[in-house]
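# Fold and geometry: a report
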Amino acid sequence: MGKPVLVFDLDGTLYGGDSPYRYYAQAVSRFLDDGEARLYLRRINEHLSGQRIVIKADNWEAVVKLMEPFGQKLSVDEWQQAFRDTRQYMLSCECVLEISQDLKALLADVRGQVSLALVTNSPYEAAWPLMERLGLSASFEFVRTEARKPQGLVTMVKEIMNQTYHPEGVFTIGDHYYNDIAPGVREGWTTAHISPRRVFPGPATYQVAKIEELFDSIRSWVRVAGREQAKNCHRKRPQVGEK
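Now for a quick tour of the structure. Treat the numbers as computed from the prediction; the structure is a model and nothing was measured. The numbering scheme is per chain: residues are counted from 1 as the chain's sequence reads. A pLDDT threshold of at least 70 governs which residues receive local features in this predicted model, and a stricter bar of 80 or more applies before side-chain atom pairs are shown or counted, although totals over entire chains, interfaces and linings include all residues. Side-chain descriptors were evaluated using all non-hydrogen atoms of the structure, hydrogens and water having been removed beforehand.

Attention now goes to the sheet that holds strand 3 (residues 142–144). Spatially, the six strands line up as an open sheet ordered 3-2-1-4-5-6, and their pairing is parallel. At either end of the open sheet lies a strand with only one pairing partner, and these are strand 3 and strand 6 (206–208). In this sheet, adjacent strand axes meet at a mean angle of 15° when their direction is disregarded. We call two strands paired when DSSP finds no fewer than two bridges between them. Helix numbering and strand numbering both begin at the N terminus, where a helix is a DSSP run of H or I of at least 4 residues and a strand a DSSP run of E of at least 2. As paired strands, strand 4 (residues 170–174) and strand 5 (residues 190–194) are joined by four bridges and run parallel to one another. Counted as the bridge partner of Gly-174 is His-193 from strand 5. Orientation is described by lines fitted to C-alpha atoms, with helices fitted over the stretch in contact, and by angles between N-to-C directions that extend from 0 to 180 degrees.

Structural data, given as structure tokens:
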């Protein structure tokens with residue numbers, strides 16, 4: 001049995017806070033007329049304040065979905081420009097990101113006992129500078145960007161584990177249920193869904209509002225997974241001629 005794998009999403013998982021989503025919404029609203037922009041931003045505020053939650057989406061996707069009533073107002077280039085501007089904003093001191101001071105220590109403690117993987121749909125040029133700002137760029141053994149989740153999540157994990165893939169040795173953590181959690185549920189992995197407003201559209205092993213709530217569970221899972229790995233590694237191998 002190969003080394004267990006602890007898989008993290010990036011956005012909305014390794015950090016918290018609504019500043020990026022509010023900035024993104026402001027960035028796309030400038031392409032609407034004044035009345036539409038006010039209505040759109042009000043809907044964004046209702047979502048982020050928990051009054052009118054877009055259930056089947058994380059906050060990035062909600063910014064897009066709440067634009068749908070206004071039709072095809074934005075071109076692909078305009079959406080991409082708004083996204084690039086937001087990612088640049090997130091690297092500045094103006095953007096308030098809620099970062100757990102204990103996360104880096106946790107990752108350092110379990111590294112070696114498990115493989116640590118970051119799997120994100122974000123492109124490398126957006127993900128890597130953000131990881132550096134979070135102080136986590138050296139914390140992961142495997143970084144997979146543009147992962148094409150949900151389908152790509154299982155593919156990436158199987159590539160990391162190579163010939164030793166075993167569902168009981170995988171723990172996936174993320175904030176987008178259908179991208180990060182549902183594939184793991186189907187595979188039989190341990191799963192943890194993070195939802196700041198506690199909106200949980202499907203089953204998961206753990207359902208929490210913030211990543212800090214998972215730290216004890218992660219440590220327990222690593223201990224158990226490590227014991228199982230050691231047990232399998234130390235089983236007596238048959239000698240030549242034995243059956």
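The next subject is a negative patch on the surface. Without a salt bridge and with relative accessible area above 30%, a residue can belong to a patch; like charges are then joined within 9 Å and nonpolar side chains (Val, Leu, Ile, Met, Phe, Trp, Tyr) within 5 Å. Throughout, the Shrake-Rupley method with a 1.4 Å probe supplies accessible areas, and for residues the shown protein chains are the sole cover considered. What makes a salt bridge here is a side-chain nitrogen of Lys or Arg within 4 Å of a carboxyl oxygen of Asp or Glu, nothing more. All tallies of charge rest on Lys and Arg as positive and Asp and Glu as negative; His and the ends of each chain are not included. Charged side chains are reduced to one point each, which is NZ for Lys, CZ for Arg, CG for Asp and CD for Glu. A contiguous patch of negative charge on the surface is contributed by Glu-98, Asp-102, Glu-212 and Glu-213. With respect to the helices and strands, Asp-102 occurs in the loop between helix 4 (76–90) and helix 5 (103–110).

Attention now goes to the layout of surface pockets. Left-over empty space is what a probe sized like a water molecule reveals as it rolls over the atoms. Buriedness for pockets is judged along seven lines, at least five of which must meet protein on both sides within 12 Å for an open set on the 1 Å grid over protein atoms alone, while cavities are sets there where a 1.4 Å probe fits but cannot get out, and lining residues have an atom within 4 Å of a point. Grid points are joined across faces, edges and corners, and a volume is the space filled by probe spheres set on the points. Here the largest pocket defines a volume of roughly 810 Å³. Taken together, 27 residues form the lining of the largest pocket, with Trp-60, Phe-83, Asn-121, Ser-122 and Pro-123 sitting closest to its centre. Residue assignment for the lining of the largest pocket shows that the elements contributing at least two residues are helix 3 (59–65), helix 4, helix 6 (124–134) and helix 8 (177–187). The biggest single contributor to the lining of the largest pocket is helix 4, with seven residues. Taken together, the residues of the lining of the largest pocket break down into ten nonpolar, seven polar and ten charged. Reported here for the second largest pocket is a volume of approximately 540 Å³. Polar here means any residue other than Ala, Val, Leu, Ile, Met, Phe, Trp, Tyr, Cys and Pro, which are nonpolar, and Asp, Glu, Lys and Arg, which are charged; Gly is therefore polar.

As a further point, take the packing of aromatic side chains. The description of two aromatic rings rests on the distance between their centres and on the angle between their planes. Only centres within 6.5 Å qualify two rings of Phe, Tyr or Trp (six-membered ring in Trp) as a pair; their planes then separate them into stacked at under 30 degrees, edge-to-face at over 60, and tilted for everything else. Under the counting rule described, the total for this entry stands at eleven aromatic pairs. Ring centres of Phe-8 and Phe-140 lie 5.8 Å apart, and the angle between their planes is 70°; on these two criteria the pair is classed as edge-to-face. Of this pair, Phe-8 sits in strand 1 (residues 5–8) while Phe-140 sits in the loop between helix 6 and strand 3, and the two are 132 residues apart along the sequence. Burial status follows relative accessibility: with a 1.4 Å probe on protein chains alone, a residue under 20% of its type maximum counts as buried, one over 50% as exposed, and anything between as partly exposed. Given the relative accessible area of 6%, Phe-140 is considered buried. Judged by centre distance (6.1 Å) and plane angle (70°), the rings of Tyr-24 and Trp-79 are edge-to-face. Here Tyr-24, found in helix 1 (residues 19–29), pairs with Trp-79, found in helix 4; they are 55 residues apart in sequence, far enough to count as distant.

Attention now goes to the side chain of Asp-58. Along the chain, Asp-58 turns up in the loop between helix 2 (34–48) and helix 3. A polar side-chain atom of Asp-58 sits 2.9 Å from the main-chain amide nitrogen of Glu-61. We call two residues contacting when some pair of their heavy atoms lies within 4.5 Å. Among all residues touching Asp-58, those that are not within four sequence positions of it are Asp-175 and His-176. Residues adjacent in sequence count toward polar contacts only when both atoms are side-chain atoms; beyond that, a polar contact is any pair of N or O atoms within 3.5 Å, and within protein one must be able to donate a hydrogen and the other to accept it.

Attention now goes to the environment of Asp-18. Tracing the backbone through its elements, the reader meets Asp-18 in the loop between strand 1 and helix 1. Expressed as a C-alpha distance, the spacing of Asp-18 and Ala-138, which sit 120 residues apart in the sequence, is 25 Å. In contact with Asp-18, not counting residues within four places along its chain, are Leu-48, Asn-59 and Arg-197. One polar contact links Asp-18 to Arg-197, side chain to side chain, over a distance of 2.8 Å.

Moving on, we get to unusual backbone geometry. In this structure, Pro-150 follows Lys-149 across a cis peptide bond, with omega equal to 10°. By the element assignment, Pro-150 lies in the loop between strand 3 and helix 7 (151–161). Although it is not a glycine, Glu-146 adopts a positive phi angle of roughly 45°. Residue Arg-148 is not a glycine yet carries a positive backbone phi of 60°. Assignment of secondary structure puts Arg-148 in the loop between strand 3 and helix 7. Judged by relative accessible area, which is 69%, Arg-148 ranks as exposed.

Moving on to the environment of His-193. Along the chain, His-193 falls in strand 5. In this structure the C-alpha to C-alpha distance between His-193 and Ala-204, which are eleven residues apart in sequence, comes to 6.4 Å. Ignoring sequence-local partners within four residues, the contact set of His-193 consists of Gly-174, Asp-175, His-176, Tyr-177, Ile-181, Val-199, Phe-200, Pro-201, Ala-204, Tyr-206, Gln-207 and Val-208.

In this section: the environment of Pro-203. Note that Pro-203 resides in the loop between strand 5 and strand 6. A relative accessible area of 54% places Pro-203 in the exposed class. For the pair Pro-203 and Leu-10, spaced 193 residues apart in sequence, the C-alpha to C-alpha distance is 21 Å. If we skip the residues at most four places from it in the chain, Pro-203 touches Tyr-177, Ile-181 and Val-185.

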